[in-house]
Amino acid sequence: MNIILKTENLSKRYGAIQALDGLSLTIPRGSVYGILGPNGSGKTTALGIILGAIRANSGSWSWFGEEPGPKHLRNVGSLLEKPNFLPYLSGERNLKIVADIRGAGYETIEPAMIKTGIYDRRMSNFQTYSLGMKQRLGLAAALLGDPEVLVLDEPTNGLDPQGIFDVRQLIMDEARSGRTVILASHILDEVEKVCTHVAVLSKGKLLAQGTTSELLKSADVIEIAAENTEILHAVLEKIIQVRKITRNGNVLELSVDPSTPMELITGPVTRAGLSPTHLVRRATKLESRFLDLIKGDN
Ligand SMILES: Nc1ncnc2c1ncn2[C@@H]1O[C@H](COP(=O)(O)OP(=O)(O)O)[C@@H](O)[C@H]1O
Ligand SMILES: [Mg+2]
């Protein structure tokens, strides 16, 4: 079974707010799967549903190719937005409680604390932990029982730069050791750095999903216009290097790989008897809809 999680048409409404709107995701085994979207786009709601903490209004999902049930969740470690621990108990004691609840062996506590860098402070009460240490304890809790899947909601929130680096490194190490990671983040840079796959969410809707290199790799935009837009469009859509055509009035905007030579575009156009009345090429780091989506959100 190479699909870890599949969701079909998940929807969730809170009163007038449609938090999730028909979300369908397919998460392959071994991926670091980023759910990328601005605040309020429905990431936490989606994770809450697949973890059985939030009830969906409609839609379905499967874990490991089966109807979701408690036995699957024992194989899924999660860190949701605010880790809930008991303030007057030590980090280690808190992890024992989590291990009891999850049915995870105590022998996984020590390695989890070492990996997340809180082992030295295992005897201190949770309330004395800094924000970064609290987040690390949450990560350690997610690792208890050696689950096959980690579900992490904004795991670098509130961390200092060193903490962010450490957590990203930890995620990549866990992925290398074979764990599948599902990571919700509003930080494009984080998803680009850490994730093999990405789903882009906006207002509860999926805009795109695929491998990170497919979706987020740099693209050039070529703006082109000619006297007959219909014929121009028909010619361009036959060019295999043209990833996408967006119509903007009588200008067509093509998304192409930066290595695509101009001649590959202009050749077929002139051979079709058209002469461009407008031709501009510009580089974009990301496809513009992702930029628009993320822009102004931080
Ligand atoms: N318990 C709730 N009651 C009402 N509205 C909620 C609740 N939880 C989330 N929402 C709303 O649902 C939308 C999606 O929220 P959320 O899933 O937290 O998004 P994200 O994690 O991407 O920031 C937002 O508009 C949010 O305000
Ligand atoms: Mg959230």
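Conventions and cut-offs
- Numbers given for residues are sequential positions, taken from 1 along each chain in its written order.
- Following the order in which they are written, the chains are lettered starting with A and the ligands numbered starting with 1.
- Whole-chain, interface and lining totals are the exception, using all residues; otherwise, since this is a predicted model, local features are given only for residues with pLDDT of at least 70 and side-chain atom pairs are given and counted only at 80 or more.
- As a rule here, side-chain values come from all non-hydrogen atoms in the structure, and water together with hydrogens is ignored.
- Secondary structure elements follow DSSP: runs of H or I of four or more residues count as helices, runs of E of two or more count as strands, with numbering from the N terminus.
- A 1.4 Å probe and the Shrake-Rupley method give the accessible areas. Residues count as covered only by the protein chains that appear here.
- Positive charges come from Lys and Arg alone, negative charges from Asp and Glu alone, with His and the N- and C-terminal ends not counted.
- Charge placement uses NZ in Lys and CZ in Arg. For Asp and Glu, CG and CD serve respectively.
- We call two strands paired when DSSP finds no fewer than two bridges between them.
- Think of each axis as a best-fit line through the C-alpha atoms, taken over the contacting stretch in the case of a helix, with angles from 0 to 180 degrees between the N-to-C directions.
- Only protein atoms enter the 1 Å grid used here, on which a cavity is any set of points holding a 1.4 Å probe that cannot leave and a pocket is any open set flanked by protein within 12 Å on both sides along at least five of seven lines; residues with an atom within 4 Å of a point are listed as lining.
- Grid points are joined across faces, edges and corners, and a volume is the space filled by probe spheres set on the points.
- In this entry, domain limits derive from an automatic or database-based domain assignment.
- We call a residue near a molecule or strand as soon as one heavy atom of that residue lies within 4 Å of the molecule or strand.
- Any N or O atom pair separated by 3.5 Å or less is treated as a polar contact, with the protein-specific requirement of one donor-capable and one acceptor-capable atom, and with residues adjacent in sequence counted only for side-chain atom pairs.

Peer 1: For this particular structure, what's the right way to read the overall build of the chain?
Peer 2: Within the chain one finds 11 helices and 13 strands. Expressed along its principal axes, the backbone C-alpha trace of the chain runs to roughly 75 × 40 × 35 Å. Of the roughly 14200 Å² of accessible surface on the chain, 53% is carried by carbon and sulfur atoms. Of the charged side chains in the chain, 34 are positive and 33 negative, and the gap between their average positions amounts to 3 Å.

Peer 1: Looking at this model, I keep getting lost on the sheet that holds strand β3 (residues 32-36). Mind explaining?
Peer 2: Within the open sheet, the 6 strands sit side by side as β5-β6-β7-β3-β8-β9. Their pairing is mixed. Edge positions in the sheet fall to β5 (76-79) and β9 (205-211), since each of these pairs with one other strand and no more. Neighbour to neighbour, the strand axes of the sheet diverge by 15° on average, direction disregarded. Sheet topology note: the strand β6 (residues 149-153)/strand β7 (residues 180-185) ladder contains 5 bridges and is parallel. Bridging across to β7, Val149 finds its partner in Thr180.

Peer 1: How do you make sense of the layout of surface pockets when you look at a structure like this?
Peer 2: Leftover empty space is mapped by rolling, across the atoms, a probe with the size of a water molecule. In this structure, the largest pocket spans a volume of roughly 490 Å³. Around the largest pocket sit 18 residues that line it, and Ser78, Leu79, Val98, Arg102 and Ala141 are the ones nearest its centre. The set of elements that each furnish at least two residues to the lining of the largest pocket consists of β5, α3 (91-102) and α5 (131-143). Of the residues forming the lining of the largest pocket, the biggest block, 4 residues, is contributed by β5.

Peer 1: Is there a simple way to explain the domain arrangement of the chain in this structure?
Peer 2: Many authors give the size of an interface as the accessible area that is lost as the parts come together. As assigned here, the chain comprises domain 1 (3-215) and domain 2 (218-294). A C-alpha centroid distance of 39 Å is found between domain 1 and domain 2.

Peer 1: Where do I start with the site of ligand 1 in this structure?
Peer 2: Lining the immediate environment of ligand 1, one finds Tyr14, Ile17, Ala19, Pro38, Asn39, Gly40, Ser41, Gly42, Lys43, Thr44 and Thr45. One nitrogen or oxygen atom from the main chain of Ser41 is found 3.1 Å from an oxygen atom belonging to ligand 1. Side-chain polar atom of Thr45 to an oxygen atom of ligand 1: 2.5 Å apart, as the coordinates give it. Bound to the protein, ligand 1 loses 62% of the 560 Å² it would expose on its own. Looking at the shell around ligand 1, the elements with two or more residues in it are β2 (17-28) and α1 (43-50). Of the residues forming the shell around ligand 1, the biggest block, 3 residues, is contributed by α1.

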